[in-house]
Amino acid sequence: DSSRADPVQPGPILGVLMSLTEYAVLIAEPDARLRATLGNELAPLGCTVFQAENGPTALRILAEQQVRVVMSELYLRTGDEDCLIKAIRGNKSLRNTRALAHTRFATARDRDWAMTVGADAYLIHPTRGDRLRYVVARLATERSGGGSGAVVPPSAAPASAAAAPVATKRRPKSPYKA
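Quick caveat, the model's predicted, so the values are computed rather than measured.

> Residue-level account of the packing of aromatic side chains, with values.
The relative placement of two aromatic rings is captured by the distance of their centres and the angle of their planes. The full count for this structure, using the stated rule, is 1 aromatic pair. With centroids separated by 6.4 Å and ring planes inclined at 10°, the aromatic side chains of tyrosine 75 and tryptophan 113 adopt a geometry described as stacked. Residue tyrosine 75 is located in the loop between strand E3 (69-73) and helix H4 (84-89), and its partner tryptophan 113 is located in helix H5 (residues 108-117); the two are separated by 38 residues in the primary sequence. On the accessibility criterion, tryptophan 113 (25% relative accessible area) is partly exposed.

> Which residues make up the packing of helix H2 (residues 32-42) against helix H6 (residues 129-141), and what values do they have?
Two elements in contact, H2 and H6, have axes separated by 9 Å at closest approach and are oriented at 75°. For the element pair H2 / H6, the angle class is roughly perpendicular. Here H2 contributes Leu38, Glu41 and Leu42 to the contact with H6, which in turn contributes Gly129, Leu132, Arg133 and Val136. Classifying every residue of the contact of H2 with H6 gives 4 nonpolar, 1 polar and 2 charged.

> Summarise the environment of threonine 48; cite the residues concerned and give the values.
With respect to the helices and strands, threonine 48 occurs in strand E2 (residues 48-52). With a relative accessible area of 39%, threonine 48 lands in the partly exposed category. Taking C-alpha positions, threonine 48 is 8.8 Å from valine 67, a pair spaced 19 residues apart along the chain.

> Before we move on, can you summarise the pattern of salt bridges with the specific residues and values?
In this structure the tally under the stated criterion is 7 salt bridges. Across the pair arginine 60 and glutamate 64 runs a salt bridge whose closest N-O atoms are separated by 3.3 Å. Of this pair, arginine 60 and glutamate 64 both sit in helix H3 (residues 55-64), 4 residues apart, which is roughly one turn of the helix. We classify arginine 60 as partly exposed; its relative accessible area is 44%. Residue classification places glutamate 64 among the exposed residues on the basis of a relative accessible area of 52%.

> So what's going on with H3? Which residues, and what values?
Among all positions in H3, only Gly55, Ala58, Ile61 and Leu62 are buried. Taken around the axis of H3, the buried residues stretch over an arc of 120°, which confines them to a single face. Relative to its buried face, H3 has exposed residues pointing more than 90 degrees away, namely Ala63 and Glu64. For H3, the elements touching its buried residues are strand E1 (24-28), E2, E3 and H4.

Scoring rules and cut-offs
- Residues numbered from 1 in each chain as written.
- Predicted model: local features only at pLDDT ≥ 70, side-chain atom pairs only at ≥ 80, totals over all residues.
- Heavy atoms only, no water.
- Phe/Tyr/Trp six-rings, centres within 6.5 Å; stacked < 30°, edge-to-face > 60°.
- Helix = DSSP H or I, 4+ residues; strand = E, 2+ residues; numbered from the N terminus.
- Buried < 20%, exposed > 50% of the residue type's maximum accessible area, 1.4 Å probe, protein only.
- Axes fitted to C-alpha atoms, helices over the stretch in contact; angles between N-to-C directions.
- Parallel < 35°, antiparallel > 145°, perpendicular 65-115°, else oblique.
- Contact = heavy atoms within 4.5 Å.
- Nonpolar A, V, L, I, M, F, W, Y, C, P; charged D, E, K, R; others polar.
- Salt bridge = Lys/Arg side-chain N within 4 Å of Asp/Glu carboxyl O.
- Arc of directions from axis to C-beta.

Put into structure tokens, the structure is as follows:
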């Protein structure tokens, strides 16, 4: 029936989503079920999805593959007391890699930590698949990494991922820099 509306409405994000086949995303998460769920949620983007259960494995994948976005559990360690996102930010060869922190907890401490370590965005689980895809697409297509600290709580998820931009919370400038 031609009178039925197509469930995928054209919008500004649709063009972005269709061009992600050239990008790779790494999901670094110790929970195998959540890793699989996140991978399935990202499948419609067409990007290559790598998975790592721990920080050292994630760093190995980053050394071997061209990864544009790393979605990491906020406190995932690399084995040497650094969290994965902080290790990515400290590696000059990964300066164009975008970092998306995620956690199940919506505390001010977690948001502050995500900004401190240099996350480009922060998601609180559970989050809807369309919102996750929107944030990953936005990060993948932005020019460079560096920690904007965008916070995306589950209550902020719009009915359509293209309906509202991600709320961004910028880190204050350091008083020690000229």
